[in-house]
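Summary of structural features
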Amino acid sequence: MAEGKSFAATDRTLPTRARERARYDEETVHAILDEGHVCHLGFVRDGAPVVLPTLYGRVGNRLYVHGSTGSRPLRMAGGQSTDPGLAVCLTVTHVDGLVLAKSAFHHSMNYRSVVVHGTAHQVTDQEEQKAALDALVDHVLPGRAADSRPANAKELAATAVLRLDLHEVSAKIRTGGPNDDPEDLALPHWSGVLPVSPAYGAPIPADDLAPGIPAPHYLSAR
């Protein structure tokens, strides 16, 4: 998908409420995904829905998640090119503010979210698997993959990676203050927004870190 393009809206990506908050442009979707750390991966197992929180990484219009080769969803996705894959729904959400209204009904949150529908496939090509794992590490902290030992053959054999293409995807964003009813504006209750943002503390070295190894530059930028 070329720069500046948008994802096509589908029945599954059109919101039933507040459609004006939906976004389909690639830039917005990528920005929300790149800022997150944890996604929620939903699928059906034995006829019942399951949602798992997990790390992820993005390479272009493709997402990767990883886990043990014994993990149920990874085994369900299959490891052969002829396997049908695993139907999934993946979500990422950022809470940007608590919206406090004068009425309980109009309390809300300012947020940015992405929902991806699609079929996940297990990565079988070793070079793609290595690139995917580097992307997962760098997604947590850019620059970290080059500053750590890559997975060895034994670790690669114990690790499975799922690939999910960004095709049926949408973002949804809420900004601004409360939407109080006109008749409630005179009520003696405070209303407004309490901003929410992530905060990073000072790096804590491992107990067994050898003396003289400084914290890397990408930590000081946090």
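The coordinates are above.
Quick summary incoming for the structure in this document.

Remarks on the nonpolar core
Residues Leu 33, Leu 90, Val 114 and Val 116 are the most contacted members of the largest nonpolar core, which totals 24 residues. With residues up to four places along the chain from it excluded, the contact list for Val 114 reads Val 29, Ile 32, Leu 33, Leu 90, Thr 91, Val 92, Val 169, Ser 170 and Ala 171. One finds Tyr 64, Val 123, Leu 133 and Leu 156 within the second-largest nonpolar core, a separate group that totals seven residues.

Some words on empty space enclosed by the protein
One pass over the full model with this rule turns up one cavity of 30 Å³ or more. Empty space within the largest cavity amounts to approximately 40 Å³. Looking at the lining of the largest cavity, the elements that each hand over two or more residues are strand S5 (62-68) and strand S8 (159-165). The class makeup of the residues in the lining of the largest cavity is eight nonpolar, no polar and one charged.

Let's talk about the layout of surface pockets
Considered as a void within the structure, the largest pocket measures approximately 350 Å³ in volume. Contributing to the lining of the largest pocket are 21 residues, with Glu 35, Gly 36, His 37, His 94 and Pro 198 lying nearest its centre. Looking at the lining of the largest pocket, the element that brings in the most residues is strand S6 (residues 86-100), giving five residues. Of the residues that constitute the lining of the largest pocket, the class distribution is eight nonpolar, seven polar and six charged. What the second largest pocket holds in volume is close to 290 Å³. Taken together, 14 residues line the second largest pocket, and the ones lying closest to its centre are Leu 133, Asp 134, Val 137, Pro 150 and Ala 151. For the lining of the second largest pocket, the secondary structure elements donating two or more residues are helix H3 (126-140) and helix H4 (153-157). Ranked by residue count, the leading element in the lining of the second largest pocket is H3, at five residues.

Procedures and definitions
Residues numbered from 1 in each chain as written. Predicted model: local features only at pLDDT ≥ 70, side-chain atom pairs only at ≥ 80, totals over all residues. Heavy atoms only, no water. Core = buried A, V, L, I, M, F, W, Y, C linked by side-chain atoms within 4.5 Å. Buried < 20%, exposed > 50% of the residue type's maximum accessible area, 1.4 Å probe, protein only. Contact = heavy atoms within 4.5 Å. 1 Å grid on protein atoms, 1.4 Å probe; cavity = no way out; pocket = protein on both sides within 12 Å on 5 of 7 lines; lining within 4 Å. Points joined across faces, edges and corners; volume = space filled by probe spheres on them. Helix = DSSP H or I, 4+ residues; strand = E, 2+ residues; numbered from the N terminus. Nonpolar A, V, L, I, M, F, W, Y, C, P; charged D, E, K, R; others polar.

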